[in-house]
Amino acid sequence: MKAYLVLENGMVFEGRAIGCWPDSDAEAAVGELVFTTGMTGYLETLTDPSYAGQIIMQTFPMIGNYGVISQDFEGKSFAKGYVVHELIDTPSNFRSEGKLDAFLKEQGIPGICGVDTRALTRLIRENGVMNACLYQSSEFKVQSANMPGLPERIREYQVKNAVAEVSTKEVLEFGPGSPTSAACSCAEGETLHVVLIDYGAKRNIIRCLVKRGCRVTVVPHDTTAEEILALKPDGVMLSNGPGDPAENVFEVQQIAKLVGKLPVFGICLGHQLTALAMGGKTYKLKYGHRGANQPVTDGKRTWITTQNHGYAVESESMKGTAQLSFRNANDQSCEGLEYPGKRCFTVQFHPEACAGPHDTEFLFDRFLRMMRGEEA
């Protein structure tokens with residue numbers, strides 16, 4: 001069945017419908033169209049809660065070749081839609097449990113294939129991230145895509161209240177002494193207790209902590225600082241998540257109460273929220289950083305990282321408050337901050353990355369040293 005991707009500027013891209021589409025002749029999804037450059041890891045991308053409210057486009061042309069592997073999921077999928085050039089319906093991998101198209105249908109995600117994703121990527125890189133809408137095939141829809149008012153309606157879409165949508169609704173325990181400990185590969189020795197504030201956390205953050213022997217308590221995004229401190233953790237992790245960081249006023253207020261009281265490590269949205277809590281500012285990038293090949297530098301060495309974010313911390317706003325620890329080697333944007341004397345550091349990229357690269361996973365070891373009192 002034919003399908004159409006309609007951009008807010010009125011451009012229409014024709015393709016074939018994949019995934020879950022409504023029976024009626026109506027729009028399937030409106031969302032913010034973004035692209036990710038990863039050559040592998042499409043399952044991790046689709047199940048990353050940070051994509052809530054967005055239509056994901058894969059720049060790599062062939063998607064679905066190793067099927068669906070539930071062990072690789074990072075969480076529940078909150079994506080609005082999916083755009084690929086070629087969808088493979090004959091996956092070949094010994095771990096495969098099914099086809100990607102079937103997974104999209106199960107998750108209620110509409111998609112489109114056969115689209116010129118190279119042209120779309122160039123368009124976004126030149127003009128910036130834009131909203132889009134997925135339509136079913138019909139002459140009426142093709143004509144209506146060019147009708148006055150339709151692009152404006154698409155343009156009005158905004159990702160709102162995304163953190164509340166994706167965050168856990170209950171407290172969860174992982175690691176030594178938890179109900180899930182039998183399923184975890186835990187390190188031997190001292191057990192450190194980490195509270196992970198879930199703004200849309202990827203599961204591999206939990207895995208990276210648990211395999212280092214930590215007991216992890218995952219709490220909802222709206223947990224107060226007082227409630228977190230009452231759990232007597234050795235440290236607090238601030239997770240990744242979707243949306244505009246400045247929208248999360250309550251969450252920022254709670255972080256401000258935690259920084260300086262115990263070790264804090266923030267990733268992605270957690271990095272941005274911490275900067276806001278310490279008086280900094282954030283801004284929206286032209287087309288964001290999404291993919292597994294993003295270079296960051298600490299001034300001495302360049303690391304290849306996985307990233308997924310559309311906002312960044314304004315470096316100048318952190319002068320006198322924090323020290324810049326990592327910078328994006330492409331556009332020089334802020335990729336990491338240190339807060340001297342407060343036992344707090346944050347990074348914009350994903351050191352827990354799956355499917356990789358894993359070059360910066362050593363940051364979890366630093367967090368453990370900080371919790372043990374071995375590093376100020």
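Here's what I pulled together on the structure shown here. (Residues numbered from 1 in each chain as written. Predicted model: local features only at pLDDT ≥ 70, side-chain atom pairs only at ≥ 80, totals over all residues. Heavy atoms only, no water.)

## Looking at the overall build of the protein chain
The condition that has to hold: We count a stretch as a helix when DSSP gives it H or I for four or more residues in a row; a strand needs E for two or more, and each element gets its number in order from the N terminus. Each radius of gyration reported is based on C-alpha atoms, and the globular scaling rule is 2.2 Å times the count of residues to the power 0.38. Only protein chains enter the calculation, and the probe is 1.4 Å; a residue is then buried if its accessible area is under 20% of its type maximum, exposed if over 50%, and partly exposed in between. Note on contacts: a residue pair qualifies if any of its non-hydrogen atoms lie within 4.5 Å across the two residues. Charge counting treats Lys and Arg as positive and Asp and Glu as negative, with His and both chain ends excluded. To locate a charge, take NZ of a lysine, CZ of an arginine, CG of an aspartate or CD of a glutamate.
Each helix and strand counted, the protein chain has eleven helices and 19 strands in total. The C-alpha atoms of the protein chain give a radius of gyration of 21 Å, which matches the 21 Å a tight globule of 376 residues would have. Within the span of the protein chain, comprising 376 residues, buried residues form 56% of the whole. A separation of at least 24 residues holds for 75% of the contacts in the protein chain among residues at least 6 apart in sequence. Considering the protein chain, the positive charge centre built from 37 side chains and the negative charge centre built from 45 side chains are found 3 Å apart.

## What to know about the packing of aromatic side chains
How we decide: Two aromatic rings from Phe, Tyr or Trp, using only the six-membered ring of Trp, form a pair when their centres are within 6.5 Å; if the ring planes differ by under 30 degrees the pair is stacked, by over 60 it is edge-to-face, and anything between is tilted.
Across all of its chains, the model carries eight aromatic pairs by this definition. Measuring from ring centre to ring centre gives 4.5 Å for Phe265 and Phe345, while their planes differ by 20 degrees; the resulting arrangement is stacked. Of this pair, Phe265 sits in strand β14 (residues 264-267) while Phe345 sits in strand β19 (residues 344-347), and the two are 80 residues apart along the sequence. Each member of the pair, Phe265 together with Phe345, is buried. Here the aromatic rings of Phe265 and Phe367 are separated by 5.6 Å at their centres, their planes lie at 55 degrees, and the arrangement is tilted.

## Things to note about unusual backbone geometry
Residue Cys354 is joined to Ala355 through a cis peptide bond whose omega torsion reads 15 degrees. Position of Ala355 relative to the elements: it lies in the loop between β19 and α11 (362-371). For the peptide bond that leads from Gly356 to Pro357, omega is 0 degrees, which places it in the cis range. Structurally, Pro357 is set in the loop between β19 and α11. One non-glycine residue, Arg343, adopts positive backbone phi at about 55 degrees. Positionally, Arg343 belongs in the loop between β18 (334-339) and β19.

## Re the side chain of Thr121
Position of Thr121 among the secondary structure elements: in helix α3 (residues 117-127). On the accessibility criterion, Thr121 (11% relative accessible area) is buried. If we ignore the near neighbours within four places in the chain, the residues touching Thr121 are Phe35, Met57 and Thr59.

## Overview of helix α10 (residues 269-277)
Two residues of an α-helix separated by three or four positions point the same way, owing to the 3.6 residues in each turn. The element α10 is largely enclosed, with a buried count of nine among its nine residues. Of the positions making up α10, those classed as buried are Leu269, Gly270, His271, Gln272, Leu273, Thr274, Ala275, Leu276 and Ala277.

## Comments concerning α3
Inclusion rule: By construction, the arc corresponds to the directions joining the helix axis to the C-beta atoms. Under the rule applied, a polar contact is a pair of N or O atoms within 3.5 Å (in protein, one hydrogen donor and one hydrogen acceptor; residues adjacent in sequence only if both atoms are side-chain atoms).
The set of residues buried in α3 consists of Thr117, Leu120, Thr121, Leu123 and Ile124. The buried side chains of α3 occupy one side of the element, clustering within an arc of 160 degrees when seen end-on. Exposed residues lying more than 90 degrees from the buried face of α3 are Arg118 and Glu126. In this structure Asp116 caps α3, since a side-chain oxygen of it lies 3.3 Å from the backbone nitrogen of Arg118. Positive backbone phi, at 95 degrees, marks Gly128, one or two positions downstream of α3.

## Some details on the sheet that holds β14
Selection criterion: DSSP bridges decide pairing: two strands pair if at least two such bridges lie between them. Fitted lines through C-alpha atoms serve as axes, helices being fitted only where they are in contact, and the angles separating the N-to-C directions of these axes extend from 0 to 180 degrees.
With mixed pairing, ten strands are arranged side by side in an open sheet as β10-β12-β11-β13-β14-β19-β18-β17-β15-β16. Since the sheet does not close on itself, it has two edges, and those belong to β10 (172-174) and β16 (302-313), each with one partner. Adjacent strand axes in the sheet meet at a mean angle of 20 degrees when their direction is disregarded. Contacts from α11 reach β11 (193-197), β13 (235-238), β14, β16, β18 and β19, with the element oriented near 165 degrees to β19.

## Thoughts on the pairing of strand β8 (residues 110-113)
Of the two faces of β8, the one holding Pro110 and Ile112 and the one holding Gly111 and Cys113 are both buried throughout. Sheet topology places strand β2 (residues 12-19) next to β8; four bridges connect them, and they run antiparallel. Bridge pairing in β8 links Ala17 to Ile112. Bridge count between strand β6 (residues 81-83) and β8: two bridges; the pairing is parallel. What sits directly across from Val83, in β8, is Ile112.

## Focus: the pattern of salt bridges
Cut-off, in case you're wondering: Salt bridges are defined by distance alone: a side-chain nitrogen of Lys or Arg within 4 Å of a carboxyl oxygen of Asp or Glu.
Summed over all chains, the structure comprises 16 salt bridges. Among the ionic pairs, Glu173 bridges to Arg215, the shortest N-O distance being 3.6 Å. One end of the pair, Glu173, is in strand β10; the other, Arg215, is in strand β12 (residues 215-219), and 42 residues separate them in sequence. Residue Arg215 is classed as partly exposed on the basis of its relative accessible area, which comes to 27%. As a salt-bridge pair, Glu375 and Arg366 come within 2.5 Å of each other at their nearest N and O atoms. Arg366 gets classed as buried once you look at its relative accessible area, which sits at 13%.

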